[in-house]
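Examining the three-dimensional arrangement
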Amino acid sequence: MDPQTRNAYEQAEPRFRSLSSSTSIASLEDMARGPSGAEERTRLVAEQDVEHGRAPYGSISRLGHASASGTDGASTGRSSGKVSFFTFMLYSLTRSFVGEKRVRYYIPSTAWIPNYSFSLLGGDLLAGITIAAMLIPQSVSYGTALAKLSPSAGLFAASIPPIVYSFLGTSRQLNVAPEAALSLLVGQAVSDYLHDPHTRPEDTHAIGLAVSTAITLQVGLFSFILGFFRLGFLDVVLSRALLRGFVTAVAVIITVEQLIPMFGLVELEHTFNPETTLDKILFLVENVFTHLHKPTTFISFGVLMVLLLLRTFKGRYRKYWWIYRIPEVFVVVVLSTLISEKFRWDQDGVEILGAVPITTGLHFIESPFRKATRGYIRGTTSTAILISIIGFLDSIVAAKQNGDRYGHSISPNRELVALGTSNLVGSFVPGTLPAFGSIVRSRINGEVGARTQMASLVCSAIILLATFFLLPWLYFLPKCVLAAIICLVVVSLFAEVPHDLVFYWRIGAWTDLALMFLTFIFSVIWNVEIGIIVSLIISLLLVIRRSSKTRMTILGRIPGTDQWRPISDNPDAEDIPGLLIVRIRESLDFANTAQLKERLRRLELYGVEPTHPSEEPSRQPASVLVFHMADVESCDASAIQTFYELLETYKNRGVGLFVTHLRRVPRDMFERAGIVKLLGNDAFFENVADAMAKVEGR
């Protein structure tokens, strides 16, 4: 090491060591109380947060005293470990080429890795182990039962993308892994190709790997492109009602899919081959009482009842950390596997997992752009777009919830880039499912003790070890147990449906209710893609319809004054016959001026109250029209043209025209467009009172 580098390292090391940190494992009792209770906020960045400048971080104690940490205030503690020389050199070299602020923005992990305190390791380690215990059986279930692939497809999705996200993501608690709804979409795409008459039956496994890889590749590309072009605001495209209808439909579809193996009707399903969800519901109704397999049915619903009881027990005794952290899914998987081996349930006709080879094609890592995958890209594009949108919405909600709770900012654009890169890397392992964040897992991750993405690295390492070394131990695991585990996840999807239905009904949100039911019906009767696309089109049409109506109101005189107020809000305001004073409440553009002439005609004849066009006019035609334009900040070219034509029409009718409160930018555009010349300079006034003085000859 040269003297200059050693001197810089020795000067920087005390600053890294002086970072204080709060207790690594949060008090579950405080967290159970929510925002009103105490919160733990651990500062991991010395000078600035990833997005904003000097963000105030600290830990709030039970007594409510906030203690600052870092170099901006007095240090309250010291890190129990030192930064390695390798980490410091990597950080210094990157910073020298790009700049410290840019590095922390584009690679958020550089904000916490150099400053990592070993006092946080206990919480991160415990969180990683807990989430891994949940994810291993869940990922096996998603890969086999939902995606129609091998268990390794789900396990690799739960281990490889999270490693990439842990370095690029802005959330410190978000856990990235396969999701039930997204795995179902992959499974539907795989099934569509397997039912294609041009597909050879002996290629079913290779087709599944290629379809899944093509979808994951496109999901990664779409997400990355959206983030690169800073389109993170697209999370506002889908309304909550639409999402609730989609989630409810997915819950119903997943339930129907899993009831078939839970009743032991898999072989019979292959005989009848029902395609749509409605066909499968009819298949269950016709065969469940005559062809069910009793041992499989008893095991399935017995396991589901045990899981529900354990989850209820954990929720009731949440204040006891050793109870709350019991991984009930992992415990049930281990016990059912041991009991199945002991009593040889497979000899009674119960289908078991059996040998699980690690199947990723010819090689563990292959290019997703190879010829075998390219043929399925065009046919899976719509599925990939849908997965990208739904996955991002779920992820950003989970990230923002944890960011608000633990005191760090979230960048939707950086999240898109991180999730996109994670799935792109995952697509290099053939068959890997798309991976996104989960609200439930991320919340549990934070509550158990995760304060950095080190928890995700620990979780990924455990899942990789399980994939290569522990799967043989699950040889006797009944497949119906995996179906029961997925049904447990479905329970949480149904949880908020009654609340939302009652809420929409109570406030009279009939449009939202209709949108919710349309999404649900189309998704169940046809498929999820049709349901979400139709509802998305309807949502966009509603948005366009609302934005195309210029927000305007009629002003009336407050008696005895020169003040003019909206008559809809002030019943005492005087509405002078033959006079129409209109306040335009927003900027003008091509969308909201297309119907401006018709809107003004209705205001002139009927006022602000909604009236059917067949009714007789309640107002006399205006002889004077005054535009109050204080809220108009800008106008585009189409709006200026439409407004010119409108003024020209009224002038030809002999209507007196005046404009008040016009801002400088619109005034300049009016002059260049010839509106000022059309009306004359004496038609423009500072306020309505001056314009009315001119009208009344005062």
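Residues numbered from 1 in each chain as written. Predicted model: local features only at pLDDT ≥ 70, side-chain atom pairs only at ≥ 80, totals over all residues. Heavy atoms only, no water.

**Some words on the packing of aromatic side chains**
Scanning the model with the defined rule gives 18 aromatic pairs in all. Their ring planes at 85° and their centres at 5.2 Å tell us that W505 and W510 sit as a pair that is edge-to-face. You can call W505 exposed: its relative accessible area is 60%. Ring pairs connect the aromatic residues F156, F364 and F468, which therefore count as one cluster. One Lys or Arg, R667, reaches over the ring of F684 and ends 4.7 Å from the middle of that ring. (Phe/Tyr/Trp six-rings, centres within 6.5 Å; stacked < 30°, edge-to-face > 60°. Buried < 20%, exposed > 50% of the residue type's maximum accessible area, 1.4 Å probe, protein only. Lys NZ or Arg CZ within 6 Å of the ring centre and 35° of its normal.)

**Some points on the packing of helix α5 (residues 121–146) against helix α19 (residues 439–448)**
Two elements in contact, α5 and α19, have axes whose closest approach is 8 Å; the angle formed by their N-to-C orientations is 150°. As summarised for this structure, α5 and α19 are arranged roughly antiparallel, according to the angle between their axes. Crossing of α5 over α19 shows right-handed handedness. From α5, L126, A127, T130, I131, M134, L135 and Q138 reach across to α19, where they touch R441, I444, N445 and V448. Classifying every residue of the contact of α5 with α19 gives 7 nonpolar, 3 polar and 1 charged. (Axes fitted to C-alpha atoms, helices over the stretch in contact; angles between N-to-C directions. Helix = DSSP H or I, 4+ residues; strand = E, 2+ residues; numbered from the N terminus. Parallel < 35°, antiparallel > 145°, perpendicular 65-115°, else oblique. Left-handed = near helix turned anticlockwise from the far one by under 90°. Contact = heavy atoms within 4.5 Å. Nonpolar A, V, L, I, M, F, W, Y, C, P; charged D, E, K, R; others polar.)

**Quick word on the sheet that holds strand β5 (residues 552–557)**
Across the sheet, which stays open at both edges, the 6 strands sit in the order β6-β5-β7-β8-β9-β10 with mixed pairing between neighbours. The outermost strands of the open sheet, each flanked by one partner alone, are β6 (564–566) and β10 (684–685). (Pairing = 2+ DSSP bridges.)

**Some thoughts on the side chain of E179**
Relative to the assigned elements, E179 resides in the loop between β3 (176–177) and α8 (180–194). With residues up to four places along the chain from it excluded, the contact list for E179 reads Y142, D394, F436, G437, S438 and R441.

**Here we look at the packing of helix α10 (residues 240–262) against helix α12 (residues 277–291)**
Remark: α10 packs on α12, axes separated minimally by 10 Å, with the N-to-C direction vectors making an angle of 40°. With respect to α12, the element α10 is oriented oblique. Here the hand of the crossing between α10 and α12 comes out left-handed. Across from I253, V256, E257, L259 and I260 in α10, the residues of α12 making contact are T277, K280, I281, F283 and L284. Split by residue class, the contact of α10 with α12 holds 7 nonpolar, 1 polar and 2 charged.

**Some words on the pattern of salt bridges**
Under the definition given, this model contains 23 salt bridges. With a shortest N-O distance of 2.7 Å, E257 and K280 are connected by a salt bridge. Of this pair, E257 sits in helix α10 while K280 is found in helix α12, placing the two residues 23 residues apart along the sequence. Taking relative accessible area as the criterion, E257 reaches 13% and is therefore assigned buried. In this structure, E671 engages R667 in a salt bridge whose closest nitrogen and oxygen atoms are separated by 3.4 Å. (Salt bridge = Lys/Arg side-chain N within 4 Å of Asp/Glu carboxyl O.)

**Details of the side chain of T277**
Inspection of the secondary structure puts T277 in helix α12. Judged by relative accessible area, T277 falls into the buried class, the value being 8%. Those residues in contact with T277, other than ones at most four positions away along the chain, are I253, V256 and V524.

**A short note on the pairing of β5**
In terms of burial, β5 is largely enclosed, as 6 of its 6 residues are buried. Judged by which residues are buried, β5 turns out to be covered on both faces: M552, I554 and G556 on one side and T553, L555 and R557 on the other are all buried. Bridging between β5 and β6 involves 3 bridges; their strand directions are antiparallel. Each residue of the ladder has a partner; that of R557, found in β6, is W564. Between the end of β5 and the start of β6, which pair antiparallel, lie 6 residues, with G560 showing a positive phi angle near 80°.

**Things to note about the pairing of strand β8 (residues 624–628)**
Where burial is concerned, most of β8 is hidden: 5 out of the 5 residues are buried. As paired elements, strand β7 (residues 579–584) and β8 share 5 bridges and run parallel to each other. Note on β8: the bridge partner recorded for R583 is H628. With helix α25 (residues 596–606) bridging β7 and its parallel neighbour β8, the resulting β-α-β unit is right-handed. With helix α26 (residues 637–652) bridging β8 and its parallel neighbour strand β9 (residues 656–660), the resulting β-α-β unit is right-handed. (Right-handed = clockwise from strand over helix to strand, strands pointing away.)

**Digging into the nonpolar core**
Counting residues in each nonpolar core, the largest one holds 52 residues, and the members touching the most others are V211, I215, I254 and I387. Other than its neighbours up to four places away in sequence, I387 contacts L182, L185, V186, I215, V219, F392, P434 and F436. By size, the runner-up hydrophobic cluster in this structure holds 41 residues, among which are Y324, I444, V481 and L488. (Core = buried A, V, L, I, M, F, W, Y, C linked by side-chain atoms within 4.5 Å.)

**Examining helix α7 (residues 160–168)**
At 3.6 residues per turn, the α-helix brings residues three or four places apart onto the same side. Counting buried residues along α7, 7 of its 9 residues qualify, which places the element largely inside the surrounding structure. All of the buried residues along α7 are I160, P161, P162, V164, Y165, S166 and L168.

**Quick notes on the confidence of the model for the chain**
Predicted confidence across the chain gives a mean pLDDT of 81, with 84% of residues reaching 70 or more. Within the model, the stretch residues 1–6 combines pLDDT values under 50 with 3 contacts to residues more than four positions away or in other chains. Per-residue pLDDT stays below 50 along residues 8–84; that stretch engages in 167 contacts with residues further than four places along the chain or on separate chains. (pLDDT = per-residue confidence, 0-100.)

**A closer look at the environment of E496**
Mapped onto the elements of the fold, E496 is located in the loop between α21 (479–494) and α22 (497–507). Residue classification places E496 among the partly exposed positions, given a relative accessible area of 41%. Separated by 252 residues in sequence, E496 and R244 have C-alpha atoms that sit 8.5 Å apart. Once you skip the residues sitting within four places of it in the chain, E496 turns out to touch R240 and R244.

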